Amino acid sequence: MADSLRDQLLKSGIVKQVREEQRPKPPQPFRGARPPQGKARPHASPARRDSSEMDLAKAYAIRAQAEASERKRAEQEAAELARIKRERKAKIQKLLEGQALNKAEADQVRHFEYGGKIRRVHVDAEQLAALNEGRLGIVQQNGRYLVVGQAIAEQVRAIDAHLLALLVDPQAAADDDGVPDDLMW
């Protein structure tokens, strides 16, 4: 921010630098001449304006136009991203309609990591076994965690992978308990 606007415009190449010797110098008042009296002050006529002032005016206009077009492009990009997000959400809502397998009388809790935190969902014994085997998955929707079938979980992953909270891979090593095999007790 140390550079003045003039320096920034010169660096960007929008304005060409005008040499000091090319500028017309304002007339010097005669020595001994009295300064003008009253409120009227002498000022340069429009015909005497430097070409650098004209260049700066053009540069300001170009800069304002560039900023406006950048703002418009950013707004359009944000609107497009919001539209895509709405479409995904509607697609997933339609897909999950009537597919949730959550039970109100579930007595066991299945904990899982989602979004950097430990979450939980209530399931019964059969659902717990199916979740651990990868036959069921958990999908996050509107702040709730829904237990769904593997096929539905895969479809949700294809639409938006961030909404798939848990789907155990049955091909993964079943005996991976976090303890290295070469650890000696």
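First, a word on scope: everything that follows refers to the structure included in this document. (Residues numbered from 1 in each chain as written. Predicted model: local features only at pLDDT ≥ 70, side-chain atom pairs only at ≥ 80, totals over all residues. Heavy atoms only, no water.)

Quick notes on the overall build of the protein chain
- A tally of helices and strands in the protein chain yields four helices and five strands.
- The order of helices and strands in the protein chain, counted from the N terminus, is α-α-β-β-α-β-β-α-β.
- Across the 185 residues in the protein chain, those meeting the buried criterion constitute 21%.
- A separation of at least 24 residues holds for 54% of the contacts in the protein chain among residues at least 6 apart in sequence.
- A total accessible area of about 15,100 Å² is found for the protein chain, and carbon and sulfur atoms account for 52% of it. (Helix = DSSP H or I, 4+ residues; strand = E, 2+ residues; numbered from the N terminus. Buried < 20%, exposed > 50% of the residue type's maximum accessible area, 1.4 Å probe, protein only. Contact = heavy atoms within 4.5 Å. Areas by Shrake-Rupley, 256 points an atom, 1.4 Å probe, with all protein chains shown as cover.)

A short note on the pattern of salt bridges
- All told, the structure shown has eight salt bridges when counted by the stated rule.
- The partner of Glu67 in a salt bridge is Arg63, and the shortest N-O contact between them spans 3.4 Å. In this pair, Glu67 and Arg63 are both assigned in helix 2 (residues 51-96), four residues apart and thus about one turn of the helix distant.
- In this structure Glu67 comes out as partly exposed when scored by relative accessible area, which is 41%.
- Through salt bridges that share partners, Glu70, Arg73 and Glu77 make up one connected network. (Salt bridge = Lys/Arg side-chain N within 4 Å of Asp/Glu carboxyl O.)

Remarks on the pairing of strand 3 (residues 136-141)
- Of all the six residues making up strand 3, six are buried; the element is thus mostly covered by neighbouring parts of the structure.
- Going residue by residue along strand 3, you find Leu136, Ile138 and Gln140 tucked away on one face and Gly137, Val139 and Gln141 tucked away on the opposite face as well.
- Bridge count between strand 3 and strand 4 (residues 144-149): six bridges; the pairing is antiparallel. Residue pairing across strands places Val139 opposite Leu146, the latter belonging to strand 4.
- Strand direction decides the pairing type here: strand 3 and strand 5 (residues 164-166), joined by two bridges, are antiparallel. (Pairing = 2+ DSSP bridges.)

Topic: the packing of aromatic side chains
- By the definition in use, this model includes two aromatic pairs.
- For the ring pair Phe112 and Tyr145, a centre distance of 5.4 Å and an interplane angle of 80 degrees mean the geometry is edge-to-face. With Phe112 in strand 1 (residues 108-114) and Tyr145 in strand 4, this residue pair connects regions lying 33 residues apart in the sequence. Across this residue pair, the class does not change: Phe112 and Tyr145 are buried.
- For the pair Tyr114 and Tyr145, a centre-to-centre distance of 5.8 Å together with 80 degrees between the ring planes defines the contact as edge-to-face. Of this pair, Tyr114 sits in strand 1 while Tyr145 sits in strand 4, and the two are 31 residues apart along the sequence.
- Residue Tyr114 is classed as buried on the basis of its relative accessible area, which comes to 16%.
- Classification of Tyr145 by relative accessible area gives buried; the value is 16%.
- The structure contains a cluster of three or more aromatic residues connected by ring pairs, namely Phe112, Tyr114 and Tyr145. (Phe/Tyr/Trp six-rings, centres within 6.5 Å; stacked < 30°, edge-to-face > 60°.)

Points about the environment of Leu167
- Examined against the element boundaries, Leu167 turns out to sit in the segment after strand 5.
- Separated by 31 residues in sequence, Leu167 and Leu136 have C-alpha atoms that sit 6.9 Å apart.
- With sequence-adjacent residues up to four places away left out, Leu167 is seen in contact with Gly134, Leu136, Gly137, Gln150, Ala153, Glu154 and Arg157.

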